[in-house]
Amino acid sequence: MSEAIAVPKNGKHPSYLDYQGKHKGFLGWILSTDHKRIGILYLVSILSFFMVGVTFGFLMRLELLTPGRTIVDAQTYNSFFTLHGVIMIFLFVIPGIPAVFGNFFLPILIGAKDVAFPRLNLLSWYLYVAGGLLAVISILLPGGPADTGWTFYIPYSVRTGTNVSLALFAAFVLGFSSIVTGLNFVTTVHRLRAPGMTWFKMPLSVWSFYSTAWVQVLATPIIGITMLLVIIERAFGVGLFDPALGGDPVLYQHLFWIYSHPAVYIMILPAMGIVSEIIPVFARRTIFGYKFIAMSSIAIALFGSLVWAHHMFTAGMSNTGQFIFSLLTMVVAIPSAIKVFNWTATLYKGSIELATPLLFVLAFIFQFSIGGLTGIMQGVLSVDIMVHDTSFIVAHFHYVMFGGTGFGLFAALHYWFPKMFGKMYNEKVSKSAFWLLFVGFNTLYFPMFIMGWLGMPRRYYDYLPEFQIYHVISTVGSWILVIGILIMFGNLIKALVSGKKITDKNPWGGETLEWTIETPPIHENFIDIPTVHEAPYQYKLNEATTLKTQEVK
Amino acid sequence: MFNGASNFAKEVDFAFLFTLVVSIFFLVLITGLMIYFVVKYNRKRNPKATNVHSNVFLEVTWTVIPTILVLIMFWYGWVGYVDMSEAPKDTLNIDVTAQMWKWTFKYENGKTTDSLYVPVDKPVKLNLHSLDVNHAFYIPKFRIKKDVYPNQQRMIWFEAKELGSFDIACAEYCGLNHSYMYNKVKVMPQEEFSVWLNTTVPDSTTKNDSTNKSTGK
Ligand code: HEM
Ligand SMILES: [Cu+2]
Ligand SMILES: [Cu+2]
């Protein structure tokens, strides 16, 4: 299935970084179908957009430092949160971990030489870049950047004169990028596992990439079509959603969230996979409850598709609807809770090294727990009526998407960095950066829970004086956070340029397949496809005593 | 923090407090265990690990207990919500119009205002609709919120339990001045309210005399 790997022109088995195929230099990167190079292309583009998103977030916090105008006017502020949301959602968290680390490591983790469809894989990156450029163009064209919020609710999104159609089209194109990646991963996991790698011998990150991929394939077309319909409505005045034309604005919200709620699981599941991958390595012991963690990924993907209308508890649904969606929302929290308990139990009787990746993972568990628990609070109908569309929600989703997925991505970056580049970063600096991120993050978002409960609505350019104290704390948090981000990336970039070279295959002592190959990996990953005999995370060598265990089979 | 001023406040605040306490319990439990394990089983202190694969009893316990807890939470939320969704029969009815970026309140006798005046201890029903885009009618102190749509009717009701003046905000993004769509609800003693309702103020529409009897109780 994967295309025949061409013989390199330079040496026998050069690393994928040195490999020379048909094209040289820059072209050798942007025309490469090597999943590892595509992963790096994604890494660079996704982190660039992340920094753009951070800039908008930082400016928003600055504006909110004082009531009234601080640095920009209301129209600009409204565009800021729209662009911030669109970039962070469609260009950072949704592609995020699968596009970067899924591309780079999924084939290696299952003992394959590439993904099932390498060319489609490259196409997905081009679609991503095209979507990103469209989004950027929509900022620059006359008419002005979209000011609808990332949710594009109708009828405002039909009425406003800003470049909404272009922003919608950008999201449409990005959707295809996501679908192609999903299709590729589903096929890869089904078809290209190494001999002996049965389903329950797959690393847990593979389980989570696999469940994510299904959601990408099944849910994304819905948002694609919905965005097209809005564009049609804007362009031709067809009355689908706009009540002035006889349409139904609530229908739009249903269609939007039928995708965008499952999308929340596209965002979080891969990060959960990363957590399951990293804890055993640094605790030097087997994962607790492998099957429960694997199955909970599937359960989350399934049940997560049935709870979309919990975003619409104030929209005036029937009581039957409210009842069912609230109940299902509460139930869908359980598989996530199961994961958290199993991760914590995996630390029990380990031999724990508190390296940078594990620090990020522990922060993930803490912050994701806060995000998840407040999510349960929002699932409680009467409470949601109070906190819906307040900064409580803003805090909740940043705790999940940034405190969870964002920190998960940083964990993965620090964990796989030496394997990907054959360079090591300064661990002392990376730990200081971590603490700045951790303190900054919580200072930035925790006050938003309090404000939200006290009645501070979201998407507000201005606010009542009684909320200022919380806004000030939050803005100071954003400064600490941004310093942490800059130090973290500075440290990694410095490592790329002048970091300590490493060729050790297994610097952390992991037991999944990527640690059995060269550092950095050779172009074809494995010279001979390995045969897998055991489930991952055995860690038999470092065992003190063997307890009576329930074998994972 | 828990100073709601309507008939729903007690129920909502209780549900909030209950979920909050359970959440804090689990957060402290997980974080505490994490820190404890990291310290106790640090590689320096514990160079050899012990493999524990799984334990069915534990898995069942930490599935069943949270499930029961979330079902209890769900129930409190549902019960609180049902109260909000059904207005009692004998209410004071007011039409609320939202538009970019202001609220208008129209009483049954035709009197029209930009602030909402209501009597204390009497159920008030608001019929909500919008002239342009989506808005959401939100009184934080009363713990109530409802989206407001053009060409569609929505209903919200409450019974104010405290005299005074509280904020009305718009909670659904509606463009440029969304954050300035604030107004006040003024809760008055019942007699004072009847007097107010039946007095012609300069900005009110005419015809309040003819409908006096139906509302001025
Ligand atoms: C330095 C980092 C960040 C800062 C300072 C920041 C700040 C903010 C602020 C102030 C808002 C507006 C809140 C409001 O509606 O009143 C916001 C909204 C939002 N943020 Fe962030 N954020 C950051 C990172 C992130 C990340 C990493 C993500 C996603 C992974 C994210 C996703 C969102 C989304 C989806 C919205 C909602 C936009 C909307 O209302 O349409 N943010 N953020
Ligand atoms: Cu959702
Ligand atoms: Cu508004």
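Residues numbered from 1 in each chain as written. Chains lettered and ligands numbered in written order. Predicted model: local features only at pLDDT ≥ 70, side-chain atom pairs only at ≥ 80, totals over all residues. Heavy atoms only, no water.

Quick one: what's the story with the side chain of S85 of chain B, residue by residue and with numbers?
You can see S85 of chain B is positioned in helix α2 (residues 56-85). A distance of 2.9 Å separates a polar atom in the side chain of S85 of chain B from the backbone oxygen of V82 of chain B. Residues contacting S85 of chain B, with those up to four places away along its chain left out, are N319 of chain A together with M155 of chain B. (Helix = DSSP H or I, 4+ residues; strand = E, 2+ residues; numbered from the N terminus. Polar contact = N/O pair within 3.5 Å; in protein donor to acceptor, adjacent residues only side chain to side chain. Contact = heavy atoms within 4.5 Å.)

Describe the coordination of the iron atom of ligand 1, with residues and values.
All names here are of chain A. Looking at the iron atom of ligand 1, one finds its protein donor set to be H84 (NE2) and H398 (NE2), positioned 2.0 Å from the metal centre. Seen from the iron atom of ligand 1, its six donor atoms lie at angles of 85 to 180°, and the figure they make is octahedral. Within this pair, whereas H84 is found in helix α3 (residues 74-93), its partner H398 is found in helix α14 (residues 391-421), the two being separated by 314 residues in sequence. Here the two residues H84 and H398 agree in accessibility, since each one is buried. (Donors = N, O, S within 2.8 Å, 3.2 Å for Na, K, Ca; no water. Tetrahedral: all angles 85-135°; square planar, octahedral: opposite > 155°, others 65-115°. Buried < 20%, exposed > 50% of the residue type's maximum accessible area, 1.4 Å probe, protein only.)

Go over the confidence of the model for chain B, please, and point to the residues and values.
Residue and element names in this part refer to chain B. Per-residue confidence for chain B averages 89 on the pLDDT scale, and 92% of its residues sit at or above 70. Considering each helix and strand of chain B separately, the mean pLDDT is smallest for helix α4 (residues 212-215), with a value of 36, and largest for strand β7 (residues 135-139), with 96. Predicted as a complex, the structure gets a pTM of 0.93 and an ipTM equal to 0.91. (pLDDT = per-residue confidence, 0-100.)

Explain the interface of chain B and chain A to me, and be specific about the residues and the numbers.
With 79 residues of chain B at the contact, the number on the chain A side is 99 residues. Note on chain B versus chain A: buried area summed over both sides is about 8,000 Å², and carbon and sulfur give 65% of it. Between chain B and chain A we count one salt bridge in total. The residue E353 of chain A makes a salt bridge to R43 of chain B at a minimum N-O spacing of 3.3 Å. On the surface where chain B and chain A come into contact, there are 33 residue pairs in polar contact (both at pLDDT 80 or more). Elements with a contribution of two residues or more to the side of chain B that touches chain A: α1 (9-40), β1 (49-51), α2, β8 (144-148) and β10 (164-170) of chain B. Counted by class, the side of chain B that touches chain A contains 45 nonpolar, 21 polar and 13 charged residues. (Buried area = accessible area lost by both parts, 1.4 Å probe. Salt bridge = Lys/Arg side-chain N within 4 Å of Asp/Glu carboxyl O. Nonpolar A, V, L, I, M, F, W, Y, C, P; charged D, E, K, R; others polar.)

Give a detailed account of the site of ligand 1, specifying residues and quantitative values.
Residue and element names in this part refer to chain A. Taken together, 27 residues surround ligand 1, and among them H84, W150, H398, Y445 and R459 come closest. Between ligand 1 and R458, the relevant distance is 2.9 Å, taken from an oxygen atom to a side-chain nitrogen or oxygen of the residue. At a separation of 2.7 Å, an oxygen atom of ligand 1 approaches a polar side-chain atom of R459. The set of elements that each furnish at least two residues to the shell around ligand 1 consists of α2 (35-63), α3, α14 and α15 (427-454). It is α3 that provides the largest number of residues to the shell around ligand 1, a total of eight residues. When its residues are assigned to classes, the shell around ligand 1 shows 19 nonpolar, five polar and three charged. (Near = heavy atom within 4 Å.)

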